[in-house]
Amino acid sequence: MVFPVAACTTDHPDAGATQPLRSSSSGPAPAIAAPITTRPSAQKPPELDNGEALAGRQEVTSGNAGIAYSKGKEGDALIVSVRCQGEGKIKVVVRSVRVSFPLECVADEVSTFSDQMAVTGADRDGVVSVEAPSAVRWSMTIGHGAPAQEEPPEDGGEVVNAA
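Throughout what follows, the structure given in this document is the object of discussion.

What counts, and at which threshold
Residues numbered from 1 in each chain as written. Predicted model: local features only at pLDDT ≥ 70, side-chain atom pairs only at ≥ 80, totals over all residues. Heavy atoms only, no water. Disulfide = S-S within 2.5 Å. Helix = DSSP H or I, 4+ residues; strand = E, 2+ residues; numbered from the N terminus. Buried < 20%, exposed > 50% of the residue type's maximum accessible area, 1.4 Å probe, protein only. Core = buried A, V, L, I, M, F, W, Y, C linked by side-chain atoms within 4.5 Å. Contact = heavy atoms within 4.5 Å. Pairing = 2+ DSSP bridges. Axes fitted to C-alpha atoms, helices over the stretch in contact; angles between N-to-C directions. Polar contact = N/O pair within 3.5 Å; in protein donor to acceptor, adjacent residues only side chain to side chain.

1. Topic: the state of the cysteines
Enumeration according to the criterion identifies one disulfide in this entry. Bridging Cys 84 to Cys 105, the disulfide has an S-S length of 2.1 Å. What sets the handedness of the Cys 84 and Cys 105 disulfide is the S-S torsion sign, and at about -105° it is left-handed. With Cys 84 in strand β3 (residues 77-85) and Cys 105 in strand β5 (residues 99-105), the pair connects residues that are 21 residues apart, well separated along the chain. For the pair Cys 84 and Cys 105, a shared accessibility class is recorded, and that class is buried.

Rendered as structure tokens:
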């Protein structure tokens, strides 16, 4: 069984709170928001983490676009990282895994969002569609990598094997 996991980061200065990853068999888990300390340029697509394989990339764009990406190894999660600047909301749609999410972009700030989808079919090839107003400049990097591990409960409880 593959559990969906989504993780989101943003370099927006007000995004200081984080939420734990949650898992369910009915759909993607809520995103995790964590601040990014560097100030990247909207002109340059986000970078992948070590161990993640590049599957597709879109240089800086305004308006709507579709970005094809290649397949990954069996069991890989799909990683979609978007960097944007400009006032407006963009919508990212990954039809092959039935996931979509809105992103709020800010006029005078560069924001970077990264979602990981560990769902059935995430290792296949596909297309990410972006709907964006012309006032928003955005770039994207798509990759595949090992699914993130679920975080343990915050209640401090231990996991005990009954062997």
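2. Observations regarding the nonpolar core
Of all hydrophobic cores here, the largest spans 26 residues; its most connected members are Val 80, Val 92 and Met 140. Those elements giving two or more residues to this core turn out to be β2 (65-69), β3, β4 (88-94), β5, β6 (111-117), β7 (126-131) and β8 (137-145). In this structure, Val 80 is in contact with Val 92, Val 94, Phe 101, Phe 113, Ser 114, Asp 115, Met 117, Val 128, Met 140 and Thr 141, ignoring residues within four places of it in sequence.

3. Description of the pairing of β4
Here β4 lies mainly inside the structure; five of its seven residues are buried. From the end of β4 to the start of β5, which pair antiparallel, there are four residues, and Arg 98 there has a positive phi angle of about 55°. As judged from the four bridges shared by β4 and β7, these two strands associate in the antiparallel manner. Following the sheet pairing, Val 93 is matched in β7 by Ser 129.

4. Some remarks on the pairing of β5
Every second residue of β5 is oriented toward a common face, the buried set being Val 99, Phe 101, Leu 103 and Cys 105 and the non-buried set Ser 100, Pro 102 and Glu 104. The sheet contact formed by β4 and β5 spans seven bridges and is antiparallel. From the neighbouring strand, Lys 89 faces β5, where its bridge partner is Glu 104.

5. A word on the sheet that holds β6
Reading across the sheet, the four strands line up as β1-β8-β3-β6 and stay open at both edges, with antiparallel pairing between neighbours. With partners counted over all chains shown, the strands left at the sheet margins are β1 (53-62) and β6, one partner each. Mean inter-strand twist for the sheet, computed between neighbouring axes without regard to direction, equals 10°. Inspection of the sheet shows β3 paired to β8 by nine bridges, in the antiparallel sense. Across the sheet, the residue bridging to Ser 81 is Thr 141, located in β8.

6. Overview of the side chain of Gln 116
Note on placement: Gln 116 falls in strand β6. In this structure the side chain of Gln 116 is engaged in a polar contact, spanning 3.3 Å, whose partner is the backbone oxygen of Ala 146. A distance of 2.7 Å separates a polar side-chain atom of Gln 116 from the backbone nitrogen of Ala 148.

7. Thoughts on unusual backbone geometry
One non-glycine residue, Arg 98, lies in the positive phi region at around 55°. Take Arg 98: it is sitting in the loop between β4 and β5. Exposure remark for Arg 98: the relative accessible area of 77% places this residue in the exposed category.

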